[in-house]
Amino acid sequence: MLAIRVDFLHGIVRAGSPDDVAMAGSSDDASGLYDSGEWPPSPARLFSALVAGGGTGSRSIVGNDGELRMLESADPPQIIADAREAVLTSALRPRFVVEDARHTGAVHEYVGRTAAKVRPGTRLSPRVPEVIYVWANVAPSPEHLQAIMARAARVSYLGCSDSPVRVSVSTAVTSDVDDRRWDPHDSGAHSTPVPYPGFTEALDAAFEQWQKGPVRRSWIPTRRA
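What counts as what
- Residues numbered from 1 in each chain as written.
- Predicted model: local features only at pLDDT ≥ 70, side-chain atom pairs only at ≥ 80, totals over all residues.
- Heavy atoms only, no water.
- Salt bridge = Lys/Arg side-chain N within 4 Å of Asp/Glu carboxyl O.
- Helix = DSSP H or I, 4+ residues; strand = E, 2+ residues; numbered from the N terminus.
- Buried < 20%, exposed > 50% of the residue type's maximum accessible area, 1.4 Å probe, protein only.
- Polar contact = N/O pair within 3.5 Å; in protein donor to acceptor, adjacent residues only side chain to side chain.
- Contact = heavy atoms within 4.5 Å.
- 1 Å grid on protein atoms, 1.4 Å probe; cavity = no way out; pocket = protein on both sides within 12 Å on 5 of 7 lines; lining within 4 Å.
- Points joined across faces, edges and corners; volume = space filled by probe spheres on them.
- Nonpolar A, V, L, I, M, F, W, Y, C, P; charged D, E, K, R; others polar.
- Pairing = 2+ DSSP bridges.
- Axes fitted to C-alpha atoms, helices over the stretch in contact; angles between N-to-C directions.

1. So, the pattern of salt bridges
Should their charged atoms come close, side chains of opposite charge can pair. Tallied over the entire structure, the rule returns 15 salt bridges. Across the pair Arg69 and Glu201 runs a salt bridge whose closest N-O atoms are separated by 2.9 Å. Of this pair, Arg69 sits in helix α2 (residues 66-73) while Glu201 sits in helix α4 (residues 199-210), placing them 132 residues apart in sequence. Owing to a relative accessible area of 30%, Arg69 belongs among the partly exposed residues under this scheme. Taking the shortest distance from any N to any O, the salt bridge between Arg123 and Asp162 comes out at 2.9 Å. A residue pair is termed long-range when its members are at least 10 positions apart, and Arg123 in the loop between β7 (115-121) and β8 (124-126) and Asp162 in the loop between α3 (142-153) and β10 (165-170) qualify at 39 residues. Residue class for Arg123 comes out partly exposed when judged on its relative accessible area of 34%. Through salt bridges with shared partners, a single network forms among Asp65, Glu67, Arg69, Glu72, Arg151 and Glu201.

Structural data, given as structure tokens:
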């Protein structure tokens, strides 16, 4: 078993839904198609954070990508998280990000930085501020387990950067979570993006393209379960 636990340190998460048209390249605020955010945060989002936390290939800081291939090939994990009706949702609010280029002024105490207003977002506040992803049939080697733990330690947020988290890894999970289990099932009413064989290469390709110019999320193949 492999269990990865995400604790939301501010009690909230801000993560756009994969169904949000703005995530696919449209930014029409008048469309009315903005939804109420992604809950629970998808396994693909967690996987992407682990990739960013340790790098891949020649950019790897920890591991040798073998631990990522292991998760790519695994069945979709069980998710332990509050039911959607137990999660409070804020109204859509404009949000601001620190601009890439340096300008006159100061933002968030960073001297010489300015902020840009970007598309609205909503904050989700679960009753229990945690999500646990459980791969029951994954048995990582000691090397893979250490690499995943090192990657997890470098993940500081999930979703937007104002959703700070602490990520921990174990090979066991508590038993008092029966009322919060999301089990993978072909007849399930909820679908969510998941890692798949080749997902790391898709993220790497998007990163290479991003270094050359803007990248639309829709260029990254998404698979659901």
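That shown, we press on.
2. Considerations on the side chain of Asp7
Counting through the fold element by element, Asp7 comes out in strand β1 (residues 2-8). At 3.0 Å, the side chain of Asp7 forms a polar contact with the side chain of Arg5. Ignoring sequence-local partners within four residues, the contact set of Asp7 consists of Pro129, Glu130, Pro164, Val165 and Arg166.

3. Details of the layout of surface pockets
What the second largest pocket holds in volume is close to 310 Å³. Lining the second largest pocket are 16 residues; nearest its centre among them are Trp182, Asp183, Pro184, His185 and His190. Class assignment for the residues of the lining of the second largest pocket results in nine nonpolar, five polar and two charged.

4. Some thoughts on the sheet that holds strand β2 (residues 78-80)
Spatially, five strands are ordered β10-β1-β9-β2-β11 in an open sheet, and the strand pairing comes out antiparallel. Looking at which strands have only one partner, the edges of the open sheet turn out to be β10 and β11 (181-182). Summarising the sheet, β1 and β10 pair through six bridges and their orientation is antiparallel. Bridged to Arg5 within β10 is Ser168. In this fold α3 packs onto β1 and β10, with an angle of close to 170 degrees to the strand it touches most, β10.

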